[in-house]
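# Examination of the molecular architecture
Single-letter residue listing:
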Amino acid sequence: MDVAQKDDEKCTDCGKCFESCRYGAIDPDFTLHPDKCEGCAVCAMVCPSDAIRMIERKAGEAYISDTRFGPLVHARLHAGEEASGKLVALVRQRAKELAREKGKEFILIDGPPGTGCTVIASITGVDLVLVVIEPTLSGIHDSKRIIEVARHFGIPALVCINKYDINDENTEHILDFCEVEGIEVVGKIAYDDTATKAMLAEKTVIEFSDGKMAQSIKAIWKKVEKALS
Ligand code: SF4
Ligand code: SF4
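Below or above, wherever it landed, is the structure these notes cover. (Residues numbered from 1 in each chain as written. Chains lettered and ligands numbered in written order. Predicted model: local features only at pLDDT ≥ 70, side-chain atom pairs only at ≥ 80, totals over all residues. Heavy atoms only, no water.)

### Structural notes on the nonpolar core
Counting 18 residues, the largest nonpolar core has Val129, Val131, Val159 and Ile174 as the members making the most contacts within it. Taken together, the elements giving at least two residues each to this core come down to helix H4 (117-123), strand S5 (129-133), helix H5 (137-152), strand S6 (157-162) and helix H6 (168-181). Considering every element that reaches this core, the biggest residue donor is H5, with 4 residues. In this view, Val129 contacts Ile123, Ile146, Ala150, Ile155, Pro156, Ala157 and Leu158; residues no more than four positions away in its chain are not counted. Listed in part, the 11 residues of the second largest apolar core include Ile189, Ala198, Val205 and Ile220. (Core = buried A, V, L, I, M, F, W, Y, C linked by side-chain atoms within 4.5 Å. Buried < 20%, exposed > 50% of the residue type's maximum accessible area, 1.4 Å probe, protein only. Helix = DSSP H or I, 4+ residues; strand = E, 2+ residues; numbered from the N terminus. Contact = heavy atoms within 4.5 Å.)

### Thoughts on the sheet that holds S6
In space, the 3 strands of this open sheet follow the order S5-S6-S7, with parallel pairing throughout. Strands at the two margins of the open sheet, each flanked by one partner only, are S5 and strand S7 (185-189). Adjacent strand axes in the sheet meet at a mean angle of 20° when their direction is disregarded. Two strands pair when backbone bridges link them, and S5 and S6 are joined in this way by 5 bridges, in the parallel orientation. Residue pairing across strands places Leu130 opposite Leu158, the latter belonging to S6. (Pairing = 2+ DSSP bridges. Axes fitted to C-alpha atoms, helices over the stretch in contact; angles between N-to-C directions.)

### Comments concerning helix H9 (residues 212-228)
When the terminal C-alpha atoms of H9 are compared, their 24 Å separation across 17 residues agrees well with the 24 Å that a helix rising 1.5 Å per residue should span. All of the buried residues along H9 are Met213, Ala214, Ile220 and Val224. Buried residues of H9 fall within an arc of 125° about the axis and therefore sit on the same side. Pointing more than 90 degrees away from the buried face of H9 are the exposed residues Lys212, Lys222 and Lys226. (Expected span 1.5 Å × (residues − 1). Arc of directions from axis to C-beta.)

### Some remarks on the site of ligand 2
Around ligand 2 lies a shell of 14 residues, among which Cys11, Cys14, Gly15, Cys17 and Cys47 are the nearest. With respect to the pocket detection grid, ligand 2 is positioned in the second largest cavity. (Near = heavy atom within 4 Å. 1 Å grid on protein atoms, 1.4 Å probe; cavity = no way out; pocket = protein on both sides within 12 Å on 5 of 7 lines; lining within 4 Å. Sits in = over half its atoms within 2 Å of the grid points.)

### Side note on the environment of Gln93
Examined against the element boundaries, Gln93 turns out to sit in helix H3 (residues 84-102). Along the backbone, Gln93 and Val73 are 20 residues apart, and their C-alpha atoms lie at a distance of 9.6 Å.

### A word on the packing of aromatic side chains
Remark: the centre distance and the inter-plane angle together describe each pair of aromatic rings, the angle taken between the planes. Under the counting rule described, the total for this entry stands at 1 aromatic pair. Look at Phe106 and Trp221: their rings are 5.7 Å apart centre to centre, the planes differ by 85°, and that puts the pair in the edge-to-face class. Here Trp221 lies in helix H9 and Phe106 lies in the loop between H3 and H4, a separation of 115 residues in the sequence. Judged by relative accessible area, Trp221 falls into the partly exposed class, the value being 32%. The ring centre of Phe177 lies 5.0 Å from the NZ or CZ of Lys144, which sits over that ring. (Phe/Tyr/Trp six-rings, centres within 6.5 Å; stacked < 30°, edge-to-face > 60°. Lys NZ or Arg CZ within 6 Å of the ring centre and 35° of its normal.)

### Brief notes about the packing of H5 against H6
Between H5 and H6, the shortest axis-to-axis distance is 11 Å and the interhelical angle comes to 15°. As judged from the angle between their axes, H5 and H6 are roughly parallel. Two packed elements cross with a definite hand, and for H5 against H6 that hand is right-handed. Contact with H5, carried on its side by Leu137, Ile140, Lys144, Ile147 and Arg151, involves Asn170, His173, Ile174, Phe177 and Glu181 of H6 and no other residues of that element. A per-class count over the contact of H5 with H6 returns 5 nonpolar, 2 polar and 3 charged. (Parallel < 35°, antiparallel > 145°, perpendicular 65-115°, else oblique. Left-handed = near helix turned anticlockwise from the far one by under 90°. Nonpolar A, V, L, I, M, F, W, Y, C, P; charged D, E, K, R; others polar.)

Encoded structure:
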């Protein structure tokens, strides 16, 4: 990602860059903070003295790995970097190319928690969003926002409630909300330490056991597959 670099020798203190930067990367005394810069290049465009230029900065790395389930495209964002949305877009682009090249039917994107730009970068242009909600206040709040975003982009959304039995009241609230909004709840997964045990055994839940949790996940996948077809 590009980052702005200022040449103080050329700067005439006109203040145009400070007025134009939407990311607070330039102080009122026109000091430029590269760590806050989002690389939009507006300051370089408005500077009448040609005192700002954009230089390349490495914000992270993207990887393609082979797994026993097929290729996995993933990335590592360097600490303090802001280009997470861009990195998600890069990962998605690589995944698309790879899926085309290898004739894969689906690309599964594991979206991040929360509601930030990485979430938007993860769901734009997809065929279906599966919103995994935990029955906590923050989980419900974030999920409602994601559903709104999906709606905004005209993307169908399904809901799955994870650890549904940790708070019955909140789970009821989610079910009521989905009913009112006409969103299908494709499954509920109970709190279970199988997931942790599976991780410790370096296996997926499905591989590790055919217990309740694995059954719930399989049932959810069937509904997701049906919705996709
Ligand atoms: S490139 Fe954009 S974000 Fe960075 S300092 Fe200039 S105006 Fe601000
Ligand atoms: S716009 Fe250019 S000349 Fe004006 S304060 Fe910023 S760097 Fe200096």
